[in-house]
Amino acid sequence: MAGHAMNKDVAIAALPYLALPFLALLAACNMGAGGNASSGESEQGELIGARIGAPFTLTNQDGKPTSWDSFKGQYRLVYFGYTYCPDVCPVDLQRIMQAFAKFEKAKPALAAKVQPMLISVDPERDTPAVLKTYVAAFHPRLIGLTGTKEQIAKVGKDFVVIYNPEKGTEKAGAATDYLVSHSRTPYLFDGDGKPVALVPVDDPATADVDEGAPDKVLAFLEKWVK
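Note that the coordinates shown come from a computational prediction; the quantities given were computed from them, not determined experimentally.

1. Remarks on the pattern of salt bridges
Line of reasoning, step 1. Taken as a whole and assessed by the stated rule, the structure comprises six salt bridges.
Line of reasoning, step 2. The partner of glutamate 104 in a salt bridge is arginine 141, with the nearest N and O atoms 3.8 Å apart. Of the two residues, glutamate 104 sits in helix 3 (residues 88-106) while arginine 141 sits in the loop between helix 5 (128-136) and strand 5 (143-146), which places them 37 residues apart along the sequence.
Line of reasoning, step 3. Arginine 125 is the partner of aspartate 122 in a salt bridge, and the nearest nitrogen-oxygen pair spans 2.6 Å.
Line of reasoning, step 4. On the basis of relative accessibility, which here comes to 11%, the residue arginine 125 falls in the buried class.

See the structure below:
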């Protein structure tokens, strides 16, 4: 298990400017999204106008400084997670990147306008070297970003991501074996860095429906990437 679902009262206090349905998507690593991120078909994404995102400079998997504005003009597909996540994170990333690979094959020009990225919520363990091996397993264009605890805390706040390292075992005075509960909210941003919509991920509460299937993520990309 990857931790406990976050208390919704805490989420509401932290996110007073977001609609309540959006809060249903907050969950720990093993809890699921609480709903289909692409539900409610409309011409505008459900995140249009939301105050999510802000400029940052983090460190990529090659150890190089990478800023949010480095991707100006590109759509940004952003997933918050961590490499030690035992269950949902790798499954989500696998499905999202499988869909992205199909999107590349079907519409290479549009796929070239999208930058997928994993931003770690576990900066103490997710060094650039660890991220490099991890992201390479999913897709060659997926980048991993990490930083100091303070940098990640600011990015988490700016991107409306709640995370909490749980108590773990200690070795040499430092906790090395622990889980990180975090909100599960994959975002798509447009070329100006403005939020568009939530990327579909599976909700384990609906066993008969697979909201995060690669074909649904592919349909999501085909709908929103112009």
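2. Some points on helix 7 (residues 214-224)
Line of reasoning, step 1. If you check which residues of helix 7 are buried, you get Pro214, Val217, Leu218, Phe220, Leu221 and Trp224. Along the axis of helix 7, the buried positions cluster into a sector of 155 degrees, meaning they face one direction only.

3. A few points about the pairing of strand 3 (residues 75-81)
Line of reasoning, step 1. In terms of burial, strand 3 is largely enclosed, as seven of its seven residues are buried.
Line of reasoning, step 2. Covered by surrounding structure in strand 3 are Tyr75, Leu77, Tyr79 and Gly81 together with Arg76, Val78 and Phe80, the residues of both alternating faces.
Line of reasoning, step 3. With seven bridges connecting them, strand 3 and strand 4 (residues 114-120) associate as parallel partners. From the neighbouring strand, tyrosine 75 faces strand 4, where its bridge partner is valine 114.
Line of reasoning, step 4. The sheet contact formed by strand 3 and strand 10 (residues 187-189) spans three bridges and is antiparallel. Opposite valine 78, over in strand 10, you have tyrosine 187 as the bridge partner.

Parameters at a glance
Residues numbered from 1 in each chain as written. Predicted model: local features only at pLDDT ≥ 70, side-chain atom pairs only at ≥ 80, totals over all residues. Heavy atoms only, no water. Salt bridge = Lys/Arg side-chain N within 4 Å of Asp/Glu carboxyl O. Helix = DSSP H or I, 4+ residues; strand = E, 2+ residues; numbered from the N terminus. Buried < 20%, exposed > 50% of the residue type's maximum accessible area, 1.4 Å probe, protein only. Arc of directions from axis to C-beta. Pairing = 2+ DSSP bridges.

Coordinates in, geometry out; function isn't part of it.
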